[in-house]
Structures are given as structure tokens and as C-alpha cells.
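# Architecture at a glance
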Amino acid sequence: MRHLLGYLQDFLGLFFPELCAACGRNLFKNEEVICTECIYHLPLTNHHLDQDNQVARQLWGRIAFTNAGSFMYFRKGNKVQKLMYQLKYNNRPEVGTRLGKLYASELRCSGSWALPDAILPVPLHPRKRKKRGYNQSEYIAAGLSEILGIPVISDKLCRAENTESQTRKARWARYENLKEAFVVKEAGALEEKHLLLVDDVITTGATLEACSAELLKLRGVRVSIAALAFAG
Ligand SMILES: [Zn+2]
């Protein structure tokens, strides 16, 4: 049966080849979502090898995190920007899972990152989620979870109310705006845990700051931050 499916896949591939989400060329059968060459050239930050990394420095004094970092650099016009576009606006959530798996393989080899007890995707506002059809951070979390063998908890941290568009506001105005935007349901499910908060791109860090503020109110909770890309 497996052989048959393989043949069928190859046959369909003649007409509907799967394309690399970063460069658009046809994928080989052993490649998954992103081609080998694009993976090789991803601009990795290696933040997990350096406690004093750029993300950590940006969040110091704002979040009492245990570890913080991102997987790649986001730059205008680079492959990461393309991948984030596919993930967020072009209905390719599998890009998140693929990158989550790649990130997890790096994290697993890091001696300095203590692995968390659970992975929490940053929640999307329900209206935004409905429009997009999925929460991209849940797919990233699923990829991390698969490789690290750590469970995902996606229904305990929620968006509380509608927040207006963030794009034209200064950082502090944004933070004020987001301050009440997250709530914890069933604190008991999160207490005494080391939680890894997962997001797609870190820009100002305001969203992560607001989420962490809620989580750190819980008894015995430690928070670490992992994003796919850093745009700072
Ligand atoms: Zn490619």
C-alpha cells in the first residue's frame, strides 16, 4: 500500500508538483515544504547558544524570562520574509510546522536551554483566526512539540478582547493597548510549569510582553520565549 501511495504521489507530482515555500522550485520527494538548498541558506541566529542574544537584550527588564531567542533573522526581501508571508497570509500553515521542527532540532542540541514542560502558542484574536482559518503559532508549536516530545497547551491562554490595529502605534501605546488583551483560563493547568511561549516574528515584543505578564502572575510559572524570526 505504501508503495502504491508513493507511486500515486509521484504520478500526481508530475501535474501538481509541491513547491518550496521559500524559492518556489519543485521539491524532491524527500524534501518537506522547504528545499534543502533554502534550508542550508536560512539566516540562523544561533540565539540558543548565547544567553546574551539580541532578543534577550530587547526583552530584559520587560519580561522575567528564563530563556529567550529566535531561530532566524527577518530582513526585508530575505527568504525568511517570504516564508513568514506564506505562513501568515498565503494559507500555508505547514511552513510553521516545518520551521518549528528545524528549530526544535537546534534547541535539542543546546546545553544552555532548559527544555520546558509545555509549549504555548501566542493566541490570535478569534476574529483574526476565523479570517485566516488557523493560528500560525499553533503550527509552529506542533513542529516543536513533535521533535522535543513536549506537549502543546493552546486553550489556557486566550485573547480577551478586541484590540485595534497595532501597526501605526508606538511601542508603549501598543503595550497599553495590549495590556488587558490576554487572560488565563484554568490557572491550575499551568501552575508550577516552565512554559515556552511561541510566536512567529518578534518585532517590538509587545505581544510577548503582555502574554508573559499574565503567565508570570501564576504560582511557580517560569516563561521562556521562542520565535521563528527576529525583526529587531
Ligand atoms: Zn527553496
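That block above? That's the structure.
Structural notes, computed from the coordinates. This one's a predicted model, so the numbers in the text were calculated from it and none came from an experiment. (Residues numbered from 1 in each chain as written. Predicted model: local features only at pLDDT ≥ 70, side-chain atom pairs only at ≥ 80, totals over all residues. Heavy atoms only, no water.)

## Comments concerning the packing of helix H5 (residues 94–108) against helix H7 (residues 136–148)
Remark: H5 packs on H7, axes separated minimally by 7 Å, with the N-to-C direction vectors making an angle of 40°. Classified by the angle their axes make, H5 and H7 are oblique. Of the two possible hands of crossing, H5 and H7 adopt the one that is right-handed. Counting all contacts with H5, which are made through Gly-96, Thr-97, Gly-100, Lys-101, Tyr-103, Ala-104, Ser-105, Leu-107 and Arg-108, the residues of H7 involved are Tyr-139, Ile-140, Gly-143, Leu-144, Glu-146, Ile-147 and Leu-148. (Axes fitted to C-alpha atoms, helices over the stretch in contact; angles between N-to-C directions. Helix = DSSP H or I, 4+ residues; strand = E, 2+ residues; numbered from the N terminus. Parallel < 35°, antiparallel > 145°, perpendicular 65-115°, else oblique. Left-handed = near helix turned anticlockwise from the far one by under 90°. Contact = heavy atoms within 4.5 Å.)

## Things to note about the coordination of the zinc ion
In the first shell of the zinc ion, the protein supplies Cys-20 (SG), Cys-23 (SG), Cys-35 (SG) and Cys-38 (SG), at 2.3 Å from the metal. One can describe the donor arrangement at the zinc ion as tetrahedral, given that its four donor atoms subtend angles of 102 to 114° at the metal. When the donor residues of the zinc ion are listed from N- to C-terminus, their spacing reads C-x2-C-x11-C-x2-C. Of the two residues, Cys-20 is situated in the loop between helix H1 (2–15) and helix H2 (36–40) and Cys-35 in the loop between H1 and H2; the sequence distance between them amounts to 15 residues. Classification of Cys-35 as buried rests on a relative accessible area of 1%. (Donors = N, O, S within 2.8 Å, 3.2 Å for Na, K, Ca; no water. Tetrahedral: all angles 85-135°; square planar, octahedral: opposite > 155°, others 65-115°. Buried < 20%, exposed > 50% of the residue type's maximum accessible area, 1.4 Å probe, protein only.)

The values are spatial; any link to function lies outside them.
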